[in-house]
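Residues per chain, in single letters:
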Amino acid sequence: MIVVLSLGAGWTLLSRLPPAAANAAEQIATPREGFMAPDFNLDLLGGGDITLSELRGKPVVVNLWASWCPPCRAEMPAIQKVYQDYQELGLVVLGVNTTNQDNEADAAAFVRDYGLTFPIPLDRDGSVSIQYELRGLPTTFFIDRKGIIRSVVVGGPMSEAVIRSKVEDLLKETP
Amino acid sequence: MYPYLRLGPFLLQLPLLLLLVGVWIGSSLAEKEAARLKLPSTLVSNLIIVGLIAGIVGARLAYAARYLQAYLDNPLSLLALNVNTLAGFDGLLIGLVAAILYGWRRKLPLRPTLDALAPGLAAFMVALGVAHLLSGDAFGAPTDLPWSIYLWSEVRHPSQVYEILAAVVIFFIVYKRPLGQAGDGINFLMLVALSSAARIFLEAFRGDSVIWPGGFRAVQVVGLIILSITLYIMRIWARAQEAEEKRHEISEKGIL
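This is a predicted model, so every value here is computed, not measured.

## Regarding the overall build of chain B
Of regular secondary structure, chain B possesses 8 helices and 6 strands. Its C-alpha atoms give chain B principal-axis dimensions of about 75 × 50 × 40 Å. Burial status across chain B gives 38% buried among its 256 residues. The long-range share in chain B, meaning contacts at least 24 apart out of those at least 6 apart in sequence, stands at 69%.

## Thoughts on helix α2 (residues 41–66) of chain B
Residues and elements named next belong to chain B. Here α2 is 26 residues long and its end C-alpha atoms lie 38 Å apart, about the 38 Å a rise of 1.5 Å per residue gives. Within α2 the residues assigned to the buried category are V44, L47, I48, G51, G55, G58, A59, R60, Y63 and A64. Packed against the buried residues of α2 are α1 (14–36), α3 (68–73), α4 (88–105) and α5 (110–135).

## Observations regarding the interface of chain A and chain B
On the side of chain B, 35 residues touch chain A, which itself brings 34 residues to the contact. For the side of chain A that touches chain B, the per-class residue count stands at 18 nonpolar, 10 polar and 6 charged.

## Notes on the packing of helix α1 (residues 2–14) of chain A against helix α7 (residues 186–202) of chain B
Remark: α1(A) packs on α7(B), axes separated minimally by 9 Å, with the N-to-C direction vectors making an angle of 25°. Between α1(A) and α7(B), the crossing angle belongs to the class labelled roughly parallel. Crossing handedness for the pair α1(A) and α7(B): left-handed. Of the residues in α7(B), those touching α1(A) at G8(A), W11(A) and T12(A) are A197(B), I200(B) and F201(B).

## Examining unusual backbone geometry
Residue L137(A) is joined to P138(A) through a cis peptide bond whose omega torsion reads -10°. Inspection of the secondary structure assignment puts P138(A) in the loop between α5 (127–131) and β6 (139–143). Not every positive phi belongs to a glycine, and E133(A) is a case in point at roughly 45°. Along the chain, E133(A) turns up in the loop between α5 and β6. Look at A138(B): it is not a glycine, yet its phi comes out positive at around 50°. Mapped onto the elements of the fold, A138(B) is located in the loop between α5 and β3 (149–151). Overall, A138(B) belongs to the partly exposed group, with 19 C-beta atoms counted inside 10 Å.

About the thresholds
Residues numbered from 1 in each chain as written. Chains lettered and ligands numbered in written order. Predicted model: local features only at pLDDT ≥ 70, side-chain atom pairs only at ≥ 80, totals over all residues. Helix = DSSP H or I, 4+ residues; strand = E, 2+ residues; numbered from the N terminus. Buried ≥ 20, exposed ≤ 12 C-beta atoms within 10 Å, placed from the backbone. Contact = placed C-beta atoms within 7 Å. Expected span 1.5 Å × (residues − 1). Nonpolar A, V, L, I, M, F, W, Y, C, P; charged D, E, K, R; others polar. Axes fitted to C-alpha atoms, helices over the stretch in contact; angles between N-to-C directions. Parallel < 35°, antiparallel > 145°, perpendicular 65-115°, else oblique. Left-handed = near helix turned anticlockwise from the far one by under 90°.

If you want it as structure tokens, here you go:
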């Protein structure tokens, strides 16, 4: 018994991590919880463009959607409501339209119908869908102020409580 | 890594499916072992179901309790089919407590019941490893070893494969029951001890460890504590068993 425990304790001691290596994952950009959110620059519906990394310092929700996708339609009012409630606290929502599998006219009609007031970046060539390894619509990434992905929800629709709980976690972190 | 399977409009989460298969195989093995140990297999099966349901419901309620206002405003969200809104550790504790209470109320004997659960739990650990491989969770630390795999933008230890191999070895050991006697609880303790030892060893190759002050990996420290307690209980139970056997021998000699 003592031999087994000594071996275990020795291995635990040997395999300690230096503090610098503890957060190594946060330096790598990959679409997974605990990693840096891959950066992108996209044109916005209605003009202008947006770069994700320029939003550092603010909690960001990136929602990938298409106008023909029923769960995207179902969850969008809840996203809009949460955005309105927390916008003043610094929350940014990017409703990335997967334009490569949708079209801009339908996307614009969708935004009008649902009264969306947050920015709608257009992923025309599907590069963001590839970067974010999109496997199903909708997919939502909750990104903290440091640009680290804190939660990923694949599929939907998300209820308002789910979105609110994830956003509250992001807002709790000190700027 | 293959986390999702699209079936028409549905997005099937393969790791979850694997876990369900693990629960099913584990329950079947536990029932079989219960029958072998002359325990009421229906009660053992119910114990697992009670633990599972309480665990899942408890995990959702514990999560909701943290965001009380959001869930009070939208109580139907409690029913959402979303694994992101489960408090895993709380659910595990609640499920365990519910199973213990059920076993106690139904007067299931502790040690034989634990032994009945052992092969099923060992099988579930294999399924858990495969679920990790499919989802890309429990990923390894970066390495340049020849058997490394490319995952999450890095070449890494195939920690999920290590996990599966260790779980398969542990399953066969537990299934063969090399120590103790039927129903003395030693087989269950052996499962816990071997699983803890495997976690202590394999955690060193993980890339997602929670790090405590001093650079210690949390799982290794907790694993060491569990291993110490388990080995200590194993010793006490084995000694008690030996004493019982000696008493039995003496009383038999006395009769002769």
